[in-house]
Structures are given as C-alpha cells and as structure tokens.
Amino acid sequence: MIRRSVVALAYLAGGIVAGPVGLLWSVAAVLGVAVLAITQLGGPAFLGAAWVTRRLAGLERRRAGWVLGKAIEPPYVGLRGDTLRRRVTAAGTQPATWRDLAWLVLLFPLGLGLGIAAVVASAVSIGMLTAPLWAWAVPNPRAPFPVKPLMTTTGGRFSLVLLGLVLVPLAAWLIRLMARLEVTAARALLAPGEHRRLVEEAERLARTRARVVDAQAAELRRIERDLHDGAQARIVAAGMTLALAARKLRGAESPAAPDVDTARRQLDEALAELRRLVRGIHPPILTDRGLHAALAALAADSPMPVVIRGDPDLRFPAAVESAAYFVAAEGLANAAKHSGAGAGAIELCRTPAAVSIAVEDDGRGGADPAGSGLEGLRRRVEALDGTLTVDSPPGGPTRLRAEFPCAS
C-alpha cells in the first residue's frame, strides 16, 4: 500500500509540471499550424506538430503505466502515403491525433488540480507526523484555539502525531483514488480505440485473404503440373502406341485398323481438350517465362493483330500475373467473338503502388459489364483488392482495364 501510494503521489505531482507544458504546447501548435496553413509550410508544420504531440502523449502513456503497472499501448496507425498531402490526410483522419491533443489540454486543469491536492494532503499528513520536530520553531502566541495549544505545547504536538497517524491512511487512500481518476481519463483518451481495432482487423483479414489466394494459386499450379506431366504424358504415350499398332494393322490388312484409327483421333481430341483445360487452369508459360511472354502467346493465338506494350522483364506476384493474364484472355476472346474487331492492344503498366493491364479493341462496342464472363473476371480481380473497369460505348472502342495494388 505504501509503494502504491508513493507511486500515485509521484504520478499526481508530475501532473503539476506536465499540465502547463501540455497546455502551452497545444496552444502554440494550434496557433502555429493555423498561421502556416495558408502557406506551403502548412503540411510539414502539421506533421511536425503531430509528431511532437505524439511524443508528449507517449510520455503520458508511460507515466500512466506507473499506476497501471504497464504503459498504455499506442493507438496509432502507420502514416501511409507517397505524397505530403496523403500523409497529412492520414494523420488528420486518425482519431488518435486529436485525442492526444485533447488530453494535453485536459491535463492542465486535471493534473494541476489533482496534483496540488495530492501534494497538500501529503504535506499536511507528514507535517502532523513530524510536528514535534518542527512545531517548536514556529511559535504563534496569537494563534486561535485549538491551533495555539496544538502548536505551542508538548502535549499538543504529540496530539498532532496521533491525529497524523489517523489521517495518513485516509490521505494515502485519497491520493490513490485521485491517481485512479486521472489514469482513467488518460486511458479513455490515449488508449487504442475502435479505429485502431478496425484497422488491425482489416489488415488481418487482408493478410488472411492474401494467404488464401496464394494457396489457391499454388494449388492450381500443382494441378497444372500434374496434368501436364502425368495425364497428358500418358495420353501422348497411348497415342504413340496406337499409331504403331495402326501401322502394323494396315500392313496386315486387319479389319480392326479403322477402329484403331478412330481411337487415335479420339485420343488426339482428348489431348487437345486437356491442353485447353491446362491453359484455363494456369498456363505453363506464365510460370516459366512470366506475364509478358504469356501475353505474347495470347496475341499470337488471336485471329486479329494484337500489339503489346510494356516492359518484358517485369515480374509480379504469381496471383497478380494469373489474374492479369485471364483479364487479357477474356478481353481478346470477347473482341474476337462478339465485337468484330480488326485489331487490338494490350498495355501493361507498373507504378510504385499498383500494376495495371488494359485490353483495347476497335470493335463495335456495347459489351455488357454484368455479363457472366466479365462478372467472374471482376470477382477474380477484386479478390486481390483490385478494380476492373469496362468502357464499351456503342460503336466502340472497348477498353477493359484492371488495376492491382502491388507495392514496389
């Protein structure tokens, strides 16, 4: 109890200094940022003031830890943004920025009042306990009753000691109560709130979804390899065996030769269908040579001339490459089947924060964004936090564009 009381007293006494400092800084920061807001220094001034405010609030969180047993956890979310305006917006939209400032203002009356009350209560209690040591040095013959007998007589001084023994536990309890009140107010403003919880939950869900998408992409690549190296290879071997058998049967003029030829054709058709299935799951060229090479293969298979723009050496996360490939495949397939296009283009761009792919054709336009093919494509893109836009006015041209967040 003594240790808790001493810690509480130290915390409250610290508020006598922290309160005026917090208020002076808050007034100076608000006035300074307000004056500089009309200049180009407004953004840096705001970020600098927010940085200092966070440092002062951090000190208050550590001070509160004296009473709580551990420091209050910081509530901040990282300032994301590649420009000054975005960082200022990120700092300004965080409730913790303004709650820090509110606490520094509130700390002045709360810390000053409770701190002075705690110091006075402690001084009075300690003064009563030590009255025989000092009371004789301050005689006051004109003091009113009962101060005069208590201060000027030996019995009165020892009576003060007895009274002090009664008041010390009460003063200690009062000091701990005032410290709890101030710490409760500090925790209400300085602890992480709903905003931080929602941001952390969103980040956790994003990480979980990214792991699921990566696992799905890895599973599709495994299935593609199994089909390519297993079933496809066996079908090819069976086709070669049937070809040898057909050659022998033709030499012997056997009536079974037409049946063997039919079986060979069926195997060739099954092999072609299996290859189309493999390309629909995950084209091998995408894994082996990258997105640009896979797009070049798509363009080569297209019945219309297709121009590809973009750096052929760029590589992206596997899930992004797969989604971008199928966006291009769907765009070229729709252009060839429905739009009557004579030419097309694929443009692949990379920015510091995103990857985008655009497929354009000179067809008649009028594509339905809610069609089953485009809707499935949109779900694939949105699973990676991307966006898919379709611009296809009647008369054309049609432009299909997907953008994926992909930090450098």
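See above for the structure.
Conventions used here
Residues numbered from 1 in each chain as written. Predicted model: local features only at pLDDT ≥ 70, side-chain atom pairs only at ≥ 80, totals over all residues. Heavy atoms only, no water. Helix = DSSP H or I, 4+ residues; strand = E, 2+ residues; numbered from the N terminus. Buried < 20%, exposed > 50% of the residue type's maximum accessible area, 1.4 Å probe, protein only. Contact = heavy atoms within 4.5 Å. Phe/Tyr/Trp six-rings, centres within 6.5 Å; stacked < 30°, edge-to-face > 60°. Patch = residues over 30% accessible without salt bridge, like charges linked within 9 Å, V, L, I, M, F, W, Y side chains within 5 Å. Areas by Shrake-Rupley, 256 points an atom, 1.4 Å probe, with all protein chains shown as cover. Salt bridge = Lys/Arg side-chain N within 4 Å of Asp/Glu carboxyl O. Axes fitted to C-alpha atoms, helices over the stretch in contact; angles between N-to-C directions. Parallel < 35°, antiparallel > 145°, perpendicular 65-115°, else oblique. Nonpolar A, V, L, I, M, F, W, Y, C, P; charged D, E, K, R; others polar.

Peer 1: Help me understand the overall build of the chain, please; the structure alone is not making it clear to me.
Peer 2: Each helix and strand counted, the chain has 13 helices and five strands in total. When the 408 residues of the chain are sorted by exposure, 36% land in the buried category. For the chain, the share of sequence-separated contacts (at least 6 apart) that also reach a separation of at least 24 residues comes to 71%.

Peer 1: Could you clarify how one ought to interpret the packing of aromatic side chains in this entry?
Peer 2: Each aromatic ring pair is characterised by the separation of its centres together with the angle its planes make. This model, assessed by the stated rule, comprises two aromatic pairs. Each ring, one from Phe46 and one from Trp98, has its centre 6.0 Å from the other, and the planes form 40 degrees; the classification is tilted. One end of the pair, Phe46, is in helix α2 (residues 42–68); the other, Trp98, is in helix α4 (residues 95–129), with 52 residues separating them in the sequence. Of the residues examined, Trp98 reaches a relative accessible area of 44% and is grouped as partly exposed. Each ring, one from Tyr325 and one from Phe326, has its centre 5.3 Å from the other, and the planes form 85 degrees; the classification is edge-to-face.

Peer 1: Help me understand a nonpolar patch on the surface, please; the structure alone is not making it clear to me.
Peer 2: The grouping of Leu129, Leu162, Leu165 and Val168 at the surface amounts to a nonpolar patch, some 340 Å² of accessible area in total. Broken down by element, the nonpolar patch gets its largest block of residues, three residues, from helix α7 (residues 154–190). Examined against the element boundaries, Val168 turns out to sit in helix α7.

Peer 1: Which parts of the structure should I look at to understand the environment of Ala96?
Peer 2: As for its placement among the helices and strands, Ala96 is situated in helix α4. Linking Ala96 and Ala57, residues 39 residues apart in sequence, is a C-alpha distance of 10.0 Å.

Peer 1: Sorry if this is basic, but what is going on with the packing of helix α1 (residues 2–36) against α2 here?
Peer 2: Packing of α1 against α2 leaves a shortest axis separation of 10 Å and a crossing angle of 170 degrees. When the interaxial angle is binned, α1 and α2 end up roughly antiparallel. Counted together, Val7, Ala8, Ala10, Tyr11, Gly14, Gly15, Ala18, Trp25, Ala29, Val33 and Leu36 of α1 and Gly42, Ala45, Phe46, Ala49, Val52, Thr53, Leu56, Glu60, Arg63, Ala64, Trp66 and Val67 of α2 form the full contact between these two elements. The residue inventory of the contact of α1 with α2, partitioned by class, reads 17 nonpolar, four polar and two charged.

Peer 1: Looking at this structure, I do not really get the pattern of salt bridges. What am I missing?
Peer 2: It is possible for side chains bearing opposite charge to pair when their charged atoms get close. In this structure the tally under the stated criterion is six salt bridges. In this structure, Glu321 and Arg315 form a salt bridge, with 2.9 Å as the shortest nitrogen-oxygen distance. Judged by relative accessible area, which is 43%, Arg315 ranks as partly exposed. For Glu403, the salt bridge is made with Arg401, and the minimal N-O distance between the two is 3.1 Å. Taking the relative accessible area as the measure of exposure, Glu403 reaches 31% and is therefore partly exposed. Relative accessible area serves as the criterion here: at 30%, Arg401 is assigned to the partly exposed category. Several salt bridges share partner residues, and in doing so they unite Glu60, Arg63 and Glu182 into one network.

Functional significance is not addressed by these values, which are geometric in nature.
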